Amino acid sequence: MKSKPASAATTQQQTPPPSPTATPTPEPVRVPKHTRSFKDGGSYGMGMPVSLTFSKPVPNQKEVRQAIKVTSDAGQEVRGYWFSAYRLDFRPESYWIAGSSITVEGLGDKPMTFKIARQQIATVDAATKTMTVKRDGQTIRTIPITAGSAKNPTYNGDLVISEKAEKVHMDGKTVGLFKEEVDENGVKRPVLDAEGKPVPAYDIEDVPHAMRLSKSGTFIHGNYWQPKSVFGKANTSAGCIGLPDVKPGAAGEDTIAKWFYENSMVGDVVRVVNSPDGVIKPDNGLNSWNLEWSQWMK
């Protein structure tokens, strides 16, 4: 007995619908090797930016900036700015609020935080040769100073303390300053030592109570080699800000410079006004506050 042929509907195999294409999960952006301006758990003055310096140029700058999140529990808006392919800074429009906690995410396996201890700003007036120190809005001391000479004036602008040392060696050759003399024809030429090398304009092994204000070599420090009559009266330095002091180890170490050193912290601001020099470049040290917010936003 012949069976009936199977209908087309029963013999045709069903073709399964195509599987949807899975969207690959993007790899998380890895922040390259870097050094940073702050320490996890540290405490700083109001001017401490989150500043990252990379060991190699960063090609994917937009992605790296977006991978890092910086927030303040005081609610300040924080944005990042690339000064170069090597340096990325984060800061709010105005200085951090005293007592706030800053959280940085994206630099490691867990968030990092640091505290803003206070708002201290020391205003150096190069014209009056004085410095007025204010903490949390209250004046705590006015100090006579000597700023940069007419030949080597001090930068104007808001300079942030980035390092502190009780004693440092300062050598003029590190910043390109050498002694000069005038020859018989009235021409200036460098003074040479016995080996024929230019003699530094200064070479002081024990500059006391030194605090760095710029990468290029600006400090605020104690000065024991000038007579006390200079302070508050004349600008004589090679660009630094000098405060009355004594030679390390000498008697009478309770000096004005020592007081300012002990009452200052990394992140405090030294504002220089009325100097004949221009405003410091914002990437010369931790001085990104000297870039207008309208430019920072770009």
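Residues numbered from 1 in each chain as written. Predicted model: local features only at pLDDT ≥ 70, side-chain atom pairs only at ≥ 80, totals over all residues. Heavy atoms only, no water.

Tell me about the sheet that holds strand E3 (residues 50-54), and please be specific about residues and values.
The strand order E1-E3-E6-E5 describes an open sheet built from four strands, whose pairing is antiparallel. Each having just a single partner strand, strand E1 (34-36) and strand E5 (79-84) make up the two edges of the open sheet. Recorded for the sheet is a direction-independent mean angle of 20° between the axes of neighbouring strands. Across five bridges, E5 lies against strand E6 (residues 87-91) in antiparallel orientation. The residue of E6 that forms the bridge with Gly-80 is Phe-90. (Pairing = 2+ DSSP bridges. Helix = DSSP H or I, 4+ residues; strand = E, 2+ residues; numbered from the N terminus. Axes fitted to C-alpha atoms, helices over the stretch in contact; angles between N-to-C directions.)

Outline the sheet that holds strand E11 (residues 138-144), listing residues and values.
Read across the open sheet, the five strands follow the order E11-E10-E9-E19-E12; overall the sheet is mixed. Of all the strands in the sheet, just E11 and strand E12 (157-160) have a single pairing partner and so form its edges. If you compare each strand with its neighbour and ignore which way they point, the axes differ by 20° on average. The pairing of E12 with strand E19 (residues 269-273) spans four bridges and is antiparallel. Bridge pairing in E19 places Asp-158 opposite Arg-271.

For the nonpolar core, give the residues involved together with the corresponding values.
For soluble globular proteins, nonpolar side chains are generally found buried alongside one another. Judged by nonpolar contacts, the single largest core of 29 residues is most densely connected at Ile-68, Val-70 and Phe-114. Of all the elements in the fold, those that place two or more residues in this core are E3, E6, strand E7 (101-105) and strand E8 (112-118). If we ignore the near neighbours within four places in the chain, the residues touching Phe-114 are Phe-38, Lys-39, Gly-42, Tyr-44, Met-48, Val-50, Ser-100, Ser-101, Ile-102 and Val-104. Membership of the second largest hydrophobic core comes to 22 residues, among which are Ala-126, Ile-161, Phe-260 and Val-270. (Core = buried A, V, L, I, M, F, W, Y, C linked by side-chain atoms within 4.5 Å. Buried < 20%, exposed > 50% of the residue type's maximum accessible area, 1.4 Å probe, protein only. Contact = heavy atoms within 4.5 Å.)

Explain unusual backbone geometry to me, and be specific about the residues and the numbers.
Located in the positive-phi region is His-209, a residue other than glycine, with phi close to 50°. For His-209, the position within the fold is in strand E16 (residues 203-212). Positive phi values are uncommon outside glycine, yet Asn-274 reaches one of about 60°. Tracing the backbone through its elements, the reader meets Asn-274 in the loop between E19 and helix H4 (293-296).

Break down the side chain of Thr-146 for me, citing the residues and quoting the values.
Summarising the element assignment, Thr-146 is placed in the loop between E11 and E12. In this structure Thr-146 comes out as buried when scored by relative accessible area, which is 0%. A polar contact is formed between the side chain of Thr-146 and the backbone oxygen of Ala-234, at a distance of 2.7 Å. Among the polar contacts listed, one links the side chain of Thr-146 to the backbone nitrogen of Thr-236, at a separation of 2.9 Å. (Polar contact = N/O pair within 3.5 Å; in protein donor to acceptor, adjacent residues only side chain to side chain.)

Describe the side chain of Arg-118, listing the residues and the values that go with them.
One can find Arg-118 in strand E8. Take Arg-118: its relative accessible area is 12%, and that puts it in the buried class. At 3.4 Å, the side chain of Arg-118 forms a polar contact with the side chain of Gln-120.

Now, about the packing of aromatic side chains: what can you tell me, with residues and values included?
How two aromatic rings sit relative to each other is given by the distance of their centres and the angle of their planes. Considering all chains together, one arrives at eight aromatic pairs under this definition. Look at Phe-38 and Phe-114: their rings are 5.0 Å apart centre to centre, the planes differ by 35°, and that puts the pair in the tilted class. Separated by 76 residues along the polypeptide, Phe-38 in the loop between E1 and strand E2 (43-45) and Phe-114 in strand E8 bring together distant segments of the chain. Comparing Phe-38 with Phe-114, the two get one shared label, buried. Relative to Trp-225, the ring of Tyr-224 lies with its centre 5.0 Å away and its plane at 85°, an arrangement referred to as edge-to-face. By relative accessible area, which is 24% here, Tyr-224 ends up partly exposed. Residue classification places Trp-225 among the partly exposed positions, given a relative accessible area of 33%. Each member of the aromatic cluster is reached from another via a ring pair, and the members are Phe-38, Tyr-44 and Phe-114. Just above the ring of Trp-296 sits the side chain of Arg-91; from NZ or CZ to the centre is 4.6 Å. Between Arg-141 and the ring centre of Trp-259, over which it is positioned, the NZ or CZ distance is 5.0 Å. (Phe/Tyr/Trp six-rings, centres within 6.5 Å; stacked < 30°, edge-to-face > 60°. Lys NZ or Arg CZ within 6 Å of the ring centre and 35° of its normal.)

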